[in-house]
Amino acid sequence: METKTFIDLSSDTQTKPSQAMRAFMAQAPVGDEQKQEDPTVNALQERVAALLGKEAALYLPSATMANEIAIKVHTQPGDEVIADRTAHIINAEAGGPAVLSGVMIRALDGTRGLFTAEQVESAVRREGPHYPRARLVSAEQTANLGGGTVWPLEQLRAVAEAARRHGLHTHMDGARLMNAVVASGIPAHEHTRGYESVTFCLTKGLGCPVGALVAGDRAFIKAALVLKHRFGGAMRQAGIIAAAGLYALDHNVDRLAHDHTNAQILARGLAEIHGIKIDVAHVETNLVFVDVAGTGLTAQEVASRLLARGVRVGATSRTLIRAVTHLDVSQADVQRAVAIAQEVLSKTRAGAPGE
Ligand SMILES: *Cc1c(COP(=O)(O)O)cnc(C)c1O
């Protein structure tokens, strides 16, 4: 069996398009996407709209653009967007909501990336000349920095209902929605019900090299299309890349279950190592957050030592490492990564405080 010299657990964005995906892309029929004449883009948009239970979907270069467009469609400058403090729109979109939409974000102190309807209710301010107007609630499924957490359906719906009661719009950042679908066994359109717009990313676990979509009703998509042009996201013969999305929906969804199993193996294996803490029970999908405080090293130091041995992970804070399973990481790779972590970290044991 082939042994890889480099195991990249830094993100599920690190997948490379397979030979079969590339072959499918190479033969895709194409046209001018901006004139709605690209049959492959059109097919992908229809397919994702149906998958998400929405009237229409728009193909975009990235999920970041999808979120930023959705925020802009739903808000006016000075409005407030309610989201969990771990949200991608707060932590990883370069201040986009502030710059592109002029909105404030009300960061809720949720649990593992999830918040409750009650938290939304109490975040909505009274009307009055002093207060920013709450306008949009955004929920991330799965919650990335929350730990790859899957929102329970009732909680997701209660949040959407609370939003509606207060006249707020609703957006779902479903960058890893299909991980939630596979983990919960609940179809995508059930997760998205009650959410007016949905971001859907193709370059995470689905393994595409480029692309994302935003879905919603026809009026939302009409407004989103203008912003797609304005933000410079309108492309031409984009079917060549959109084809990867069609391929991924046929071949790379059910297999996400393997990534979830591998994340369990990784979490259990790493949890055995002295000085490491993992909330194994809360590893629900493909993201594993590892607290390395007990090793006496910073997360960055642990990441560097692992990298020197051919295992790449990400340091997300001074004490936390994120390791992500995906379609280019096998069960054997995960087992080898655990063994390497064991070796690397056993050398630090003398310096580590006892637990
Ligand atoms: C990765 C990610 C995005 C952005 O995706 P890109 O396609 O890389 O722009 C948005 N939201 C969440 C939760 C993500 O994990």
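Whatever comes next refers back to the structure up there.
One structure accompanies this document, and this report is about it. This structure is a prediction, so every number in the text was calculated from the model and none was measured.

1. Quick look at unusual backbone geometry
One can expect most non-glycine residues to show negative phi and most peptide bonds to be in trans. Here the bond from Gln-141 into Thr-142 is cis, since omega is -10°, no more than 30 degrees from zero. Of note, the phi angle at Gln-36 is positive, near 60°, even though the residue is not glycine. Looking at the secondary structure, you find Gln-36 in the loop between helix H1 (19-26) and helix H2 (39-52). Positive phi outside glycine occurs at Arg-112, with the angle close to 50°.

2. Considering the pairing of strand S2 (residues 56-60)
Of all five residues making up S2, five are buried, and the element is well covered by its neighbours. Of the two faces of S2, the one holding Ala-56, Leu-58 and Leu-60 and the one holding Ala-57 and Tyr-59 are both buried throughout. Here S2 runs beside strand S8 (residues 212-216); their pairing, made up of five bridges, is antiparallel. Bridging from a neighbouring strand, Leu-58 pairs with Val-214 of S8.

3. A look at the packing of aromatic side chains
This structure, assessed with the given rule, holds two aromatic pairs. Ring centres of Phe-115 and Trp-151 lie 5.0 Å apart, and the angle between their planes is 90°; on these two criteria the pair is classed as edge-to-face. On the criterion of sequence distance, the pair formed by Phe-115 in the loop between strand S4 (104-108) and helix H6 (117-123) and Trp-151 in the loop between strand S5 (134-140) and helix H7 (153-165) is long-range, its members being 36 residues apart. Accessibility expressed as a relative area gives 1% for Trp-151, which makes it buried.

4. Describing the sheet that holds S8
Pairing is mixed across the open sheet formed by seven strands, whose spatial order is S2-S8-S7-S6-S5-S3-S4. At either end of the open sheet lies a strand with only one pairing partner, and these are S2 and S4. Across this sheet, the average inter-strand angle for adjacent strands is 20°, counted without regard to direction. Contacting S2, strand S7 (197-201) and S8, H2 runs over the sheet at an angle of about 130° to S2.

Conventions adopted
Residues numbered from 1 in each chain as written. Predicted model: local features only at pLDDT ≥ 70, side-chain atom pairs only at ≥ 80, totals over all residues. Heavy atoms only, no water. Helix = DSSP H or I, 4+ residues; strand = E, 2+ residues; numbered from the N terminus. Buried < 20%, exposed > 50% of the residue type's maximum accessible area, 1.4 Å probe, protein only. Pairing = 2+ DSSP bridges. Phe/Tyr/Trp six-rings, centres within 6.5 Å; stacked < 30°, edge-to-face > 60°. Axes fitted to C-alpha atoms, helices over the stretch in contact; angles between N-to-C directions. Contact = heavy atoms within 4.5 Å.

Purely spatial values, then, with no claim about function.
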